[in-house]
Amino acid sequence: MSLRQAIGFYASQGAGFEAETVAYLARLGTAMSAAQQTAINNLIIAAKVNGWWTPMGCIRLLHLHNETDSLLNLKSTSFTATKISTPVFTAYSGWVSDGAAKALNNNYIPSSAGDMTQNDASFIEYYSGVPGTETNRFSGNQDGTRWLHIGHSTITTVLERINEASGTSTTIALAVMNGLWGIVRSGATAGFARVVGTSTKNTDVTSSSTGLPTVSLYSAGFNNNGAVAYSNSVKTLKATLIGKAISKTVFDLIKTDLDTFFIAFTA
């Protein structure tokens, strides 16, 4: 069944929105328009059809209509994000931390959250406005032993780690690219790092896992064992997903589904 057929099927049942949509809308601080509600519902249907709803324990849509609602977890009441210092929110765009020790705390501790495991994990974010000068900027965390992050180490290199030691890494040679960034671990020495925008950059994970970090995972900034470091600069964070491993095919479908949502969810 194609995505278009699936959306038509759900609509034909006469039951209205998905139960997950109804539950999410009930938690909002500010009501959405009918068109915005439909965009949310269509995204949830797409996530189910395309195989990324179930693996993710946290789906945060930061491209929303107001700051408070953007910090909610689409999937559940768990893992509502909180601000660290004063990152800036722009409606229908997302969050910018401006590189000054500002970030979003996902309130998601990998070792106890219950979704990812040491060898079955993913951390994925969508960025726009990535500057050509971005260096030494990360989202993620480290507790002194175990690291989990995505981001630029130099202007042309993305460096990623997932549940592994500081001496290991996966790197992608990458010029400036807006789009979906992620690190996925599907085994003790297996997985991939991937960025999909106007082109696709990818490399396999071969580094060994060592354990799940025991401190909270940050977005648009890095939890350096309890302190904010390496915060993103002027690039805008539009979505964050955290959970279990997915395939490269599903990763690319997430990009397509989010692009469709961003276009549909407007004022």
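Procedures and definitions
Residues numbered from 1 in each chain as written. Predicted model: local features only at pLDDT ≥ 70, side-chain atom pairs only at ≥ 80, totals over all residues. Heavy atoms only, no water. Helix = DSSP H or I, 4+ residues; strand = E, 2+ residues; numbered from the N terminus. Rg over C-alpha atoms; globule rule 2.2 N^0.38 Å. Contact = heavy atoms within 4.5 Å. Lys, Arg positive; Asp, Glu negative; His and termini not counted. Charge placed at Lys NZ, Arg CZ, Asp CG, Glu CD. Expected span 1.5 Å × (residues − 1). Buried < 20%, exposed > 50% of the residue type's maximum accessible area, 1.4 Å probe, protein only. Pairing = 2+ DSSP bridges. Axes fitted to C-alpha atoms, helices over the stretch in contact; angles between N-to-C directions. Arc of directions from axis to C-beta. Parallel < 35°, antiparallel > 145°, perpendicular 65-115°, else oblique. Left-handed = near helix turned anticlockwise from the far one by under 90°.

A. Inspection of the overall build of the chain at higher detail. In terms of regular secondary structure, the chain is built from six helices and 17 strands. For 267 residues, the compact-globule estimate of 2.2 N^0.38 gives 18 Å, and the chain sits close to it at 17 Å. Sequence separation of 24 or more characterises 63% of the internal contacts of the chain that already satisfy a separation of 6 or more. Placing the 18 positive and 16 negative side-chain charges of the chain at their respective mean positions leaves the two points 2 Å apart.

B. Inspection of helix H3 (residues 34-49) at higher detail. Between its terminal C-alpha atoms H3 stretches 22 Å, which fits the 22 Å expected from 16 residues at 1.5 Å a residue. Within the sequence span of H3, burial applies to Gln36, Ala39, Ile40, Asn41, Leu43, Ile44, Ile45, Ala46 and Ala47. Positioned one or two residues after H3, Gly51 has a phi angle of 85 degrees, which is positive.

C. Focus on the sheet that holds strand E9 (residues 157-164). Across the sheet, six strands lie side by side as E10-E9-E8-E7-E15-E16; this open sheet has mixed pairing. Unpaired on one side and paired on the other, strand E10 (170-173) and strand E16 (227-229) mark the two borders of the sheet. Between one strand and the next, the sheet's axes are offset by a mean angle of 30 degrees, whatever the strand orientation. Where strand E8 (residues 147-154) meets E9, five bridges bridge the pair, whose relative direction is antiparallel.

D. Up close: the sheet that holds strand E5 (residues 103-105). Taking strand neighbours across the sheet as the criterion, the three strands line up as E2-E5-E14 in an open arrangement whose pairing is antiparallel. Looking at the sheet topology across the chains shown, the edges are occupied by strand E2 (82-84) and strand E14 (218-219). Where E5 and E14 come together, two bridges link them in antiparallel fashion. What sits directly across from Asn105, in E14, is Tyr218.

E. Representation of the pairing of strand E7 (residues 137-142) within the structure. Of all six residues in E7, five are buried, a share of seventy percent or more. Bridge count between E7 and E8: six bridges; the pairing is antiparallel. From the neighbouring strand, Arg137 faces E8, where its bridge partner is His152. The hairpin formed by E7 and E8 contains four residues between the paired strands, and Gly144 there has a positive phi angle of roughly 105 degrees. One ladder, built from three bridges, connects E7 with strand E15 (residues 222-224); its direction is parallel. For Asn141, the partnering residue across the bridge sits in E15 and is Asn223.

F. Here's a closer look at helix H2 (residues 19-26). Residues of H2 that are buried include every one of Thr21, Tyr24 and Leu25, and no others. Viewed end-on, H2 has its buried residues packed into an arc of 95 degrees, placing them on one side of the element. Away from its buried face by more than 90 degrees, H2 exposes Ala19 and Ala26. Buried-residue contacts for H2 involve H3 and helix H4 (67-70).

G. Molecular detail of the environment of Ser111. Position of Ser111 relative to the elements: it lies in helix H5 (residues 110-113). When the C-alpha atoms of Ser111 and Ser85 are compared, they prove to be 25 Å apart, with 26 residues separating the residues in sequence. The residues touching Ser111, leaving out its near neighbours within four places in the chain, are Leu212, Pro213 and Thr214.

H. Layout of unusual backbone geometry. Even without being glycine, Ser85 reaches a positive phi, approximately 65 degrees. Along the chain, Ser85 falls in the loop between E2 and strand E3 (88-90). You can call Ser85 partly exposed: its relative accessible area is 45%. Positive phi is not limited to glycine here, since Tyr92 has a value of about 60 degrees. Within the element layout of this structure, Tyr92 appears in the loop between E3 and strand E4 (94-96).

I. Fine view of the packing of H2 against H3. Remark: H2 packs on H3, axes separated minimally by 9 Å, with the N-to-C direction vectors making an angle of 135 degrees. It follows that H2 is oblique to H3 by the angle criterion. The two elements H2 and H3 cross, and the hand of that crossing is right-handed. Residue-level inspection shows Glu20, Thr21, Tyr24 and Leu25 of H2 in contact with H3, the latter providing Gln37, Ile40, Asn41, Ile44 and Lys48.

J. A look at the environment of Thr77. Mapped onto the elements of the fold, Thr77 is located in the loop between H4 and E2. Note: C-alpha distance between Thr77 and Ala91 (14 residues apart in sequence) is 22 Å.

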